[in-house]
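Listed below, chain by chain, are the residues.
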Amino acid sequence: MTDDDRPDSGPVAALRGRLRHAPSAGVTLPDFDPDAAPAAPAPLVAEWLLRALDEHVPEPQVMTLGTVDAAGHASARVLLMRGLDDDADGCGFRFASDAASRKGRELTARPYASLTWYWPQQGRQIRAAGPVETLDAATARADFAHRGEASRVAAFTGTMSDPLDGPGQYARDRDRAARELAADPGAVPAGHTVYRLWATEVEFFQLAADRFHRRLRYTRTADRWERVQLWP
Ligand SMILES: Cc1cc2nc3c(=O)[nH]c(=O)nc-3n(C[C@H](O)[C@H](O)[C@H](O)COP(=O)(O)O)c2cc1C
């Protein structure tokens, strides 16, 4: 199909004309001075997240997790960030999911992933990548205990990433899960897992109104972090 053959009505055609003119967030962009950045990335991640929370960026803890399967095919989805670790100067990002889900299976095959955050109101992006480890069952239990009741029932309903069999199955499974949880309130789904990505690189991107954006990349060497500014 050439550009001339494309239909000129319907939502896809309507979008075509609007993408280039989509408004950007009306924002006051924060300053970012890479020369004043800390020696390790975790404090800067925390600083940026705290500022996003203070400035009421909606759901700044939502991040995109990129994984690959055994054949190297990529997939991505959004998840909630569950914690930040800076033990021994490392930078660890926690997230929780079901080990039997697509991402869980991909992480078993290839325990390496990327994470990306974007906060439009502040023109800020953080990206991180590195090996992913599975934390112990006690950590998974503690994570699950923090969830609200509806979220716990949902986690026991169905099998994440599998197709639904047919109409009515959702409601039937949800009712069964609610009954089982009421009988055993401390139960944790077998696959509930807390993962930690230990970053080997973390990059901070700050949009600037004058278009001279800033990028600072931290790369982990054997015993320290190296910092370098990149062309945006
Ligand atoms: C705002 C938002 C937050 C989400 N948080 C999580 C999460 O913390 N853990 C999770 O497993 N899925 C979460 N999901 C669902 C995932 O995006 C995804 O659909 C699901 O994990 C299945 O992904 P998979 O089939 O690639 O494994 C969230 C979805 C949205 C829209």
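Residues numbered from 1 in each chain as written. Predicted model: local features only at pLDDT ≥ 70, side-chain atom pairs only at ≥ 80, totals over all residues. Heavy atoms only, no water.

- Per an unreviewed UniProt entry, the recorded name for the protein chain is Pyridoxal 5'-phosphate synthase, and the organism is Streptantibioticus silvisoli.
- According to UniProt, the comment filed for the protein chain under the heading Sequence similarities (unreviewed entry) is "Belongs to the pyridoxamine 5'-phosphate oxidase family." (UniProt positions renumbered as here; feature names shortened; annotations may be inferred.)

## Describing the pairing of strand β7 (residues 192-198)
Line of reasoning, step 1. Within β7, six of the seven residues are buried, leaving the element largely enclosed by the surrounding structure.
Line of reasoning, step 2. As paired elements, strand β6 (residues 124-134) and β7 share three bridges and run antiparallel to each other. Residue pairing in the sheet places Val-132 in a bridge with Leu-197 of β7. (Buried < 20%, exposed > 50% of the residue type's maximum accessible area, 1.4 Å probe, protein only. Helix = DSSP H or I, 4+ residues; strand = E, 2+ residues; numbered from the N terminus. Pairing = 2+ DSSP bridges.)

## Re the environment of Asp-175
Line of reasoning, step 1. Examined against the element boundaries, Asp-175 turns out to sit in helix α6 (residues 169-183).
Line of reasoning, step 2. For Asp-175, a relative accessible area of 41% translates into the label partly exposed.

## With respect to the pairing of strand β10 (residues 225-230)
Line of reasoning, step 1. Pairing geometry for strand β9 (residues 214-220) and β10, over six bridges, is antiparallel. Looking across to β10, one finds that Tyr-218 is bridged to Arg-227.

## A few points about the packing of aromatic side chains
The relative placement of two aromatic rings is captured by the distance of their centres and the angle of their planes.
Line of reasoning, step 1. Within the structure shown, the criterion is met by seven aromatic pairs.
Line of reasoning, step 2. Ring geometry for Phe-204 against Tyr-218: centres 5.7 Å apart, planes inclined by 70 degrees, an arrangement best described as edge-to-face. Here Phe-204 is found in strand β8 (residues 201-206), whereas its partner Tyr-218 is found in strand β9, with 14 residues between them in sequence.
Line of reasoning, step 3. Under the relative-accessibility criterion, Tyr-218 is labelled buried at 0%.
Line of reasoning, step 4. Taken together, Phe-32, Trp-48, Phe-204, Tyr-218 and Trp-225 form an aromatic cluster joined through their ring pairs.
Line of reasoning, step 5. Just above the ring of Trp-48 sits the side chain of Arg-124; from NZ or CZ to the centre is 3.8 Å. (Phe/Tyr/Trp six-rings, centres within 6.5 Å; stacked < 30°, edge-to-face > 60°. Lys NZ or Arg CZ within 6 Å of the ring centre and 35° of its normal.)

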